[in-house]
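Structural characterization, general
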Amino acid sequence: MKTEAMREGIAKAVLAEIPKLLTLLDRTPVSATYGCFDRAYWHYRILDFPCGMSQEFVLPLALVWSMPDIPGNPYYRDPVLRDEVMAAIDYAARSAHADGSCDDYYPFERAAGAAAFSLFAILGALEAMEIAPEPQVAAFLKRRARWLATHRESGRLSNHEALIVSCLAQMHARFPNEGFEEAMRTRLERLVSWQHEEGWFDEYGGADLGYLSLTIGLLSDLDRRRPDLDLRPAIRRAVDFLAHFVHPDGTVGGEYSSRSTLNFFPHGFEIAGAWYPAALKVNDLALRPLVEGRAPCYSDDHIIGHHLWSWLLTLKALRHDRFEEGEPEYASVEDGRRVFEGCSLFVERADGDMLVAALSRGGVLKAFCDGALVASDTGVTLRDRAAGKAAVCSLPGSDYRVEDHRIVVSGEMSWGKEARLTPVKNVILRILMLGFGRFFPDLVRRLLQKVLVTGKKAAPYAFERHLVREADEWRVEDRITSHKGWGDVDRIGISSHQTAMTTIMARVYAPSQRVAFFDLTERLEALGDDETLVVSRPLTAEAS
């Protein structure tokens with residue numbers, strides 16, 4: 001894949017989404033919500049507050065406005081688009097809380113992620129359009145940056161921390177002698193301490209490949225701006241780790257990583273490629289799905305902005321000296337087996353074959369043969385009629401052992417995260433946030449994180465997964481035991497893409513997910529209540 005093919009493919013993907021952003025935007029100058037990107041708020045009027053994250057869309061719009069070398073770009077130097085971007089920046093300032101923070105999913109949330117993503121985007125938009133902010137916008141930028149500098153959100157989300165570091169560095173460049181340099185160095189020290197010696201940055205207690213690519217992007221961009229910060233050793237370790245999980249077909253990550261994302265943010269690898277050629281090898285393979293039109297669908301109101309500005313920054317940094325050692329066919333790392341004990345990930349490569357498994361998450365796996373996906377397996381799952389819930393094997397906490405030719409993963413199944421908002425819950429949440437919650441938003445966030453992300457409740461079922469190496473292929477055998485008999489099981493089987501926890505950027509559609517649910521329900525008819533369900537199959541192209 002040549003550089004010009006990359007350029008054209010990325011440009012095509014970006015330009016296809018710009019009309020959607022303009023549809024989301026209130027473009028009526030006399031409207032009270034002129035500049036708001038939250039269509040559910042200003043148009044449908046089904047929300048009682050505007051989502052602050054939505055204002056992140058100013059960055060992709062500003063970038064397409066400023067980039068003349070995007071093939072077929074009709075938005076270059078469009079004066080109407082410039083006015084709309086400035087209106088959106090002004091709306092971000094007008095709709096923020098007095099302390100500069102903003103909300104994302106419920107009122108008075110004061111969400112660090114939304115505040116950081118949108119501030120990063122506003123600063124990038126002003127830079128791309130070479131515009132000095134009006135005094136009221138400059139005052140807002142300072143309030144938000146100071147709020148981010150002192151705010152400590154619950155949970156370890158390294159990509160958020162990297163965003164905050166980047167924002168503070170850019171604020172120091174724009175507003176020196178305001179204390180942003182000292183705050184940036186404090187947060188950078190915190191972020192670097194979250195990098196494991198294996199190379200990954202912590203995302204809710206583990207390694208998520210999609211979010212890691214975003215953190216790499218933010219650090220690579222910061223290294224370009226501030227080489228004095230000595231970020232390259234950390235970036236190099238992160239790139240080397242992620243390279244192990246670029247699949248032979250160019251996809252990255254999935255349900256086996258800590259937050260189950262299928263994201264890939266390429267701009268940091270292109271930037272780092274100026275001094276670390278291994279980063280370009282990652283992009284040469286991982287950009288293929290996007291360029292070839294088989295990438296996951298990110299066209300969701302809450303996440304498409306992240307990808308659009310990353311793709312545009314990739315175009316700005318695109319290098320032409322990438323093929324000196326030849327294009328990678330199937331991998332950007334050498335063949336072999338690795339067990340990353342720190343994040344409990346197993347990977348084995350041989351030519352175009354690959355097996356990757358989450359050892360502490362029930363043995364969730366992806367398998368490839370001759371460069372093609374032949375199995376994506378998120379473990380046995382079942383629906384319990386009495387509990388009204390689904391039980392899964394894929395939440396963290398499995399025991400495992402790795403031998404020369406066998407991997408064994410076992411544990412108790414857990415109830416999947418299925419909490420939904422109801423009218424009663426919605427009223428309670430609103431009342432809470434209008435009273436006690438608005439003064440203690442971090443406490444509310446921690447409670448919600450436990451319900452939706454980190455908490456775990458055992459189900460009355462146990463699992464054992466054996467991955468066995470036989471000659472040139474792997475075989476997987478699942479053994480499921482019920483502690484109360486099988487009478488309450490409505491349905492049982494194996495999904496190719498089930499996610500049992502709440503992650504905003506997970507559960508996107510990918511073409512490889514067009515695989516039928518492997519239904520095992522009929523097999524229960526022949527089992528006694530104290531008998532074990534056993535399912536065995538090879539991980540080969542013939543079995544897929």
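Each remark here, short or long, concerns the structure printed above.
So, here's what we can say about the structure.

Reading the values: rules and limits
For every chain, the first residue of the written sequence is number 1, and numbering continues from 1 onward in sequence order. With the structure being a predicted model, the display of local features is reserved for residues of pLDDT at least 70 and the display and counting of side-chain atom pairs for 80 or more, all residues being used for whole-chain, interface and lining totals. Calculated side-chain values reflect all of the structure's heavy atoms, with hydrogen atoms and water omitted. Put simply, DSSP H or I for four residues or longer makes a helix, DSSP E for two residues or longer makes a strand, and each gets a number counted from the N terminus. Note on exposure labels: buried denotes an accessible area under 20% of the residue type's maximum, exposed denotes more than 50%, and partly exposed covers the range between, all computed with a 1.4 Å probe on protein chains only. One bridge is not enough; two strands pair if DSSP finds at least two bridges between them. Helix axes are fitted only over the stretch in contact, all axes being lines through C-alpha atoms; the angle between N-to-C directions runs from 0 to 180 degrees. The term salt bridge refers to a pairing of a side-chain nitrogen on Lys or Arg with a carboxyl oxygen on Asp or Glu at a separation within 4 Å. Residues grouped as a nonpolar core are buried Ala, Val, Leu, Ile, Met, Phe, Trp, Tyr and Cys residues, joined through side-chain atoms within 4.5 Å.

One non-glycine residue, R110, lies in positive phi territory at about 50°. Along the polypeptide, R110 turns up in the loop between helix 4 (79-95) and helix 5 (112-129). Of note, S344 is a non-glycine position whose phi angle comes to about 60°, a positive value. Locating S344 in the fold gives a position in the loop between strand 1 (336-340) and strand 2 (345-350). You can call S344 buried: its relative accessible area is 10%.

This paragraph deals with the pairing of strand 3 (residues 353-358). With five of six residues buried, strand 3 lies mostly within the body of the structure. Pairing of strand 2 with strand 3 involves six bridges; the strand directions are antiparallel. By the bridge assignment, E348 is partnered in strand 3 with L355. Count of turn residues in the strand 2/strand 3 antiparallel hairpin: two residues, of which D351 carries a positive phi of about 55°. Examined bridge by bridge, strand 3 and strand 4 (residues 364-369) share five bridges and lie antiparallel to one another. Bridging across to strand 4, A358 finds its partner in V364.

With that settled, consider the sheet that holds strand 1. On the basis of which strands lie adjacent, the open sheet formed by five strands has the order 1-2-3-4-5 and antiparallel pairing. Either end of the sheet is taken by a strand with one partner, and the two such strands are strand 1 and strand 5 (372-377). The sheet shows a mean angle of 5° between the axes of neighbouring strands, taken without regard to direction.

Strand residues, when the strand is regular, have side chains that alternate between the two faces of the sheet. Direction of pairing for strand 6 (residues 380-384) relative to strand 7 (residues 389-392): antiparallel, over a ladder of three bridges. Paired with R383 across the two strands is A390, which belongs to strand 7. Here strand 6 hands over to strand 7 after four residues, with G388 in that stretch at a positive phi of 70°. Pairing analysis gives two bridges linking strand 7 to strand 9 (residues 406-415), with the strands arranged antiparallel. Pairing of A391 across the sheet is with W415, part of strand 9.

What follows concerns the pattern of salt bridges. In this structure the tally under the stated criterion is 39 salt bridges. Measuring nitrogen to oxygen at the nearest pair gives 3.6 Å for the salt bridge that ties D202 to R156. Residue D202 is located in the loop between helix 8 (180-193) and helix 9 (209-225), and its partner R156 is located in the loop between helix 6 (135-150) and helix 7 (158-174); the two are separated by 46 residues in the primary sequence. Across the salt bridge formed by E181 and R226, the nearest N and O atoms sit 2.8 Å from each other. With E181 in helix 8 and R226 in the loop between helix 9 and helix 10 (232-243), this pair connects stretches of sequence that are 45 residues apart. Here E181 and R226 have matching classes, each one buried. Among the charged side chains, a network of salt bridges with common partners joins D384, R385, K484, D488 and D490.

Now for the nonpolar core. Membership of the largest hydrophobic core comes to 131 residues, with the highest contact counts inside it found for L141 and F241. In terms of nonpolar packing, the next biggest core, distinct from the first, is built from 32 residues, W415, V489, L533 and V535 among them.

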